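As a plain string of letters, each chain reads:
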Amino acid sequence: MKFFKFGSAFLAFFSTVFAAFAQIPADVPLDYFLFPIKPGQQNFLSGSMGEIRPSHFHGGIDIKTDGVTGLPVYASADGYVSRYKSSSFGYGNVIHLTHPNGLVTVYAHLEKFAAPLESYMLRKQYENQTFELDLKPEKDIFKFKKGDIIGYSGNTGGSGGPHLHFEIRDEKDNQYNVLKFKFPEIQDKTAPEITTVALRALSIDGRVNDQFGRFEFTPVKVGNNYKLKDTVYAHGVIGLEVHAFDRLDKSLNKNGVQMVELAINGKPIYQHYVDCIPLEKSRQVSWHINYAALKRSGKSFEKCYLDDGNDLPLYNAVQKGRFIIKPNGTYEVALTLKDSYNNASVLRFTIAGRKPAFQQIAFPKPKKPQIDYELSENILKITAADTAKHVRNVEMFVGRLKYNLLPSYSTAAGTTYLYDVRAGFPDSLVFCGVSLKPGFKQLVPSGQEMSYTDNNVALVFNKNSLYDTLYLKTAVDKDIFTVNDLYTPLFQPIKITLKPTTMPADPSKASVYSLGYGKSRIFEGGKWDGNTITATTKNLGKFRILSDTSAPTVKLLTKNKDVISFRVRDDLSGIASYRLEVNGKFVLLKYEHKKALLWSEKLDKKVPLSGEVVLRVKDNVGNEAVYKTKI
């Protein structure tokens, strides 16, 4: 029998990084766990451990189920059910099976549970008169042997299609890479694919091809590895980011990459290994990736450098993975990516150091002077387009002080000026008579509780709300309240209080909504206190107070003695609750939010549904739809 053991190099490399987190015991046999779907047959994955999701690290593997539901799901090892849950959201129907060695396997998005679990859940749902139920049975109530059927695969909860989500955790909810156990059902000899890299200037004197900012490059594949077509010229402190994916054999799905290693001139300066994610830190994926790039392009660029405060247990880095490019130096970059089966791809390219020097270039002159800015961490990047032949300075006012900003470089877009806002917030920027107010209100440091109030908006940040220092901006325009932008992530929620210029006709129906892309709106709720409303939100960006005066809509789909089903929708605040009574008695409704579907589940299958049917559906502001019929 083979046993699962970490290599000595791996242990040495990560001993300090993972010291605070439990590891899979070294003596757990490789064959301890049974593959939970079609064991002994080749299987395929649609998702892997550590894969980047918009709001979290993917904590397990997603096993394909041939595009259908209802496949038997087998217990991976002897154990007892320590928790199981019925829900229309998140993991959907999920089972946690605890094993004698303390490890826990998780089986999610199930269509239904094994018979004893299913009947027990149904009884408890009727006792509590609710579909959404989270149960934690006593240790000896539900025991399963390795290979027993514990449920059937489905598409419940937040699932995007039929599959089984499968995890291996420890008792502290650290999520481990399932593929460490080298299940023969999964075959992978395919190396990761590198699609894009980005170089980012991280100091005020930082340049990438003579410019400050973040610049993307598309690698060219040569054999089994990659290169950049041209030498990159740079200066100052630089950070590298990579967008890549991994495919398993005979599969088109784009999965995550387990390990990324960065070396400069043959010396490793950074490594991350996504192999163990503490569940409570899973949302910190927004620290691991370039969140703004994800929001703008939909691409998950993993940073190969650490932001201040990032305490995820994934990294080993020298100088936080940031490297300094000096004039006239030559830097050979090697970026290595590996999957769970050690298939590797390497990108190599050269960075040549070049000292920044201002050089005016010819470009079409605008009809009138223009000025704009953007903030990159602490650096304010100002771009001005002049009508004159010669470049002029930008005047910057900080309090009562006036500064002349000298130009840093020139491009076809105009002349760029750089300023570190830690020296003081600029009140206004003036260029050739054109004035621009950046509008920074307050510095909000991460790791501290802080509040802010003006005439229209009040904000309360807890000590874990922010990933990084926030240069706060607020504005109000035509009843739309703006707090910074969508490109700044929050780790934990903030409280936001809004004061509308005009009170809604019925405040009890009016709530706070965050505005996403296009016409998307997210219900944030809120409680009125006089002429202000306070809500809790996980988003920054634009907010609006909207009134929902329409009740949900109900459409009858099926009606007979065995089952009754409905389609229910709400056009604004969303469905909050539902209740079905037949002849005055509670009847359980199961809910599938993706299909807006409600359907009944009888406690006693022998008793027919008969008599007056009353369905009540409420939205999040209390509008109620009452649907009546008879069976």
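For clarity, every value in this text was computed on a predicted model and none was experimentally measured.

> Explain the pattern of salt bridges to me, please; I cannot follow it from the model alone.
When the charged atoms of two side chains with opposite charge come close together, those side chains can pair. Across all of its chains, the model carries 29 salt bridges by this definition. The closest approach of N and O atoms between Asp 134 and Arg 83, which form a salt bridge, is 2.7 Å. A residue pair is termed long-range when its members are at least 10 positions apart, and Asp 134 in strand E8 (residues 133–135) and Arg 83 in strand E4 (residues 79–86) qualify at 51 residues. On the basis of relative accessible area, Arg 83 is assigned to the partly exposed category, the value being 28%. The residue Asp 308 makes a salt bridge to Lys 320 at a minimum N-O spacing of 2.7 Å.

> Is there a simple way to think about the pairing of strand E46 (residues 553–559) in this case?
Moving residue by residue along a regular strand, the side chains alternate between the two faces of the sheet. Summarising the sheet, E46 and strand E47 (residues 564–569) pair through six bridges and their orientation is antiparallel. Residue pairing for E47: Leu 556 is matched across the bridge by Phe 566. Hairpin connection from E46 to E47: four residues lie between these consecutive antiparallel strands.

> Honestly, the sheet that holds strand E35 (residues 440–444) in this entry has me stumped. Any pointers?
Where strands meet in a sheet, backbone hydrogen bonds hold them as pairs that are either parallel or antiparallel. Here six strands make up an open sheet; going across it, the order is E35-E38-E39-E45-E41-E42 and the pairing antiparallel. With one partner strand each, in any of the chains shown, E35 and strand E42 (521–525) form the two edges of the open sheet. In this sheet, adjacent strand axes meet at a mean angle of 30 degrees when their direction is disregarded. One ladder, built from four bridges, connects strand E39 (residues 480–483) with strand E45 (residues 541–547); its direction is antiparallel. Bridging from a neighbouring strand, Thr 482 pairs with Lys 542 of E45.

> Can you help me understand the pairing of strand E13 (residues 193–201) in this one?
Counting buried positions over the nine residues of E13 gives seven, a clear majority of the element. In the sheet, E13 pairs with strand E18 (residues 232–245) via eight bridges, with the strands oriented antiparallel. Looking at the pairing, Arg 200 lines up with Gly 239 of E18. Note that E13 and strand E15 (residues 214–217) share four bridges and pair antiparallel. The partner of Leu 199 across the bridge, within E15, is Phe 215.

Procedures and definitions
- Residues numbered from 1 in each chain as written.
- Predicted model: local features only at pLDDT ≥ 70, side-chain atom pairs only at ≥ 80, totals over all residues.
- Heavy atoms only, no water.
- Salt bridge = Lys/Arg side-chain N within 4 Å of Asp/Glu carboxyl O.
- Helix = DSSP H or I, 4+ residues; strand = E, 2+ residues; numbered from the N terminus.
- Buried < 20%, exposed > 50% of the residue type's maximum accessible area, 1.4 Å probe, protein only.
- Pairing = 2+ DSSP bridges.
- Axes fitted to C-alpha atoms, helices over the stretch in contact; angles between N-to-C directions.

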